[in-house]
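Descriptive analysis of the structure
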Amino acid sequence: MKAIGYKKNLPIENIESLQDITLDTPKAKGRDILVEIKAISVNPADYKVRAGMPVEGDGWKVIGWDAVGIVKEVGEDVSLFKVGDEVWYAGDFTRQGSYAQYQIVDERIVGKKPSSISFAEAAALPLTAITAWELLFDRLQVAKEDATKSILVIGAAGGVGSILVQLAKKLTKLNIIGTASREETTSWLKELGADKVINHRHKLSDEFEKYQLPAPDYVVSLNGTEQHLDEIVKLIKPQGKFGFIDDPKSVNVMPFKHKAVSTHIEFMFTRSMFQTEDMQEQHTLLNEVSTLIDNGTIKTTLGENFGTINAENMRKAHAFLETGKAKGKIVLEGF
């Protein structure tokens, strides 16, 4: 099968950072299904791993954690899917990724693809939808029926933010304050349902004072956590909840003590990585998101389609994502 892989951690400008390769097609066993990949999307996790995770032995590392495709083979213990089903998923951090024509994945972290949108449109959503859902409802345990509370979403126009804002808008009654820094992304967030958009290039407390915004009950930091931490401590409501997903070098939680703020880290690969007892919750939530899309409640967050799945286009996608200027998700489709 065709695939894209690397053997060395190299800058994306180096042609060997991601290469077109050929690998044996894997076989489905146990609770695994074999999926023929139709479309994928690119996430910050992709370029972080490509640049920093060494390859074990002399094989190829295949990354990628967003895929949509068709089930071609099922293991002997599979009960949730059958051959021919259209599926979507974000995969498992400990296994080979979705930059390949075929991929093995555990059925418990796979959902039914939305029927109302294309493979490319669907590929934009799995990883970010899982991350946003788990952050909101599993980590922060956001109240779904409390219109008196508000949430501040820092870095709201990216992949996770653009689905999190929609989920918060449609499934809760929270007042949503998003941050962005460009006119284009500000308009995008308002379109997705943010009640107010402020500029994260300014001091957040100054922006809150300028627009007379209430202290947020929840703060979600999707990037720049280290940079904004002092402002988050200042703004968050006493007994509030703070969650983040990025990788700051350090996070000192002690300034939150006087406000009794709880701190939560979201990592959507935890369930599959540790084979947790509730691993199948990702199957369930992906099916729920699929239903929300098919009934028109939320929409795809596809930003740009970079064309065919090959090493050249993938290097371009990584390079653009590394600029930090992406709006929504970058998708590639077909081999």
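Let me begin by describing the structure that accompanies this report.

This next bit is on the packing of aromatic side chains. What the rule picks out here adds up to nine aromatic pairs. For the pair Phe-93 and Phe-267, a centre-to-centre distance of 5.9 Å together with 80° between the ring planes defines the contact as edge-to-face. A residue pair is termed long-range when its members are at least 10 positions apart, and Phe-93 in the loop between strand E5 (86–89) and strand E6 (102–106) and Phe-267 in the loop between strand E13 (262–265) and helix H8 (270–273) qualify at 174 residues. Judged by centre distance (5.2 Å) and plane angle (70°), the ring pair of Trp-133 and Phe-137 falls under edge-to-face. With Trp-133 and Phe-137 both in helix H3 (residues 126–139) and four residues apart, the pair spans about one turn of that helix. Here Trp-133 falls in the buried class, since its relative accessible area comes to 9%. Using a relative accessible area of 13% as the deciding quantity, one classes Phe-137 as buried. These aromatic residues form a ring-pair network of at least three members: Trp-65, Phe-93, Phe-267 and Phe-269. When the ring centre of Phe-119 is taken as origin, the NZ or CZ atom of Lys-113, which lies over that ring, is 5.3 Å away.

Secondary-structure assignment places Asp-246 in the loop between strand E12 (241–244) and E13. Within the buried core, Asp-246 has no salt-bridge partner, and the shortest N-O distance to an opposite charge, that of Lys-48, equals 6.9 Å. A polar contact is formed between the side chain of Asp-246 and the side chain of Thr-225, at a distance of 2.6 Å. Each residue touching Asp-246, except ones within four places of it in the same chain, is listed here: Ser-221, Leu-222, Asn-223, Gly-224 and Thr-225.

What counts, and where the lines are drawn
- Residues numbered from 1 in each chain as written.
- Predicted model: local features only at pLDDT ≥ 70, side-chain atom pairs only at ≥ 80, totals over all residues.
- Heavy atoms only, no water.
- Phe/Tyr/Trp six-rings, centres within 6.5 Å; stacked < 30°, edge-to-face > 60°.
- Helix = DSSP H or I, 4+ residues; strand = E, 2+ residues; numbered from the N terminus.
- Buried < 20%, exposed > 50% of the residue type's maximum accessible area, 1.4 Å probe, protein only.
- Lys NZ or Arg CZ within 6 Å of the ring centre and 35° of its normal.
- Lys, Arg positive; Asp, Glu negative; His and termini not counted.
- Salt bridge = Lys/Arg side-chain N within 4 Å of Asp/Glu carboxyl O.
- Polar contact = N/O pair within 3.5 Å; in protein donor to acceptor, adjacent residues only side chain to side chain.
- Contact = heavy atoms within 4.5 Å.

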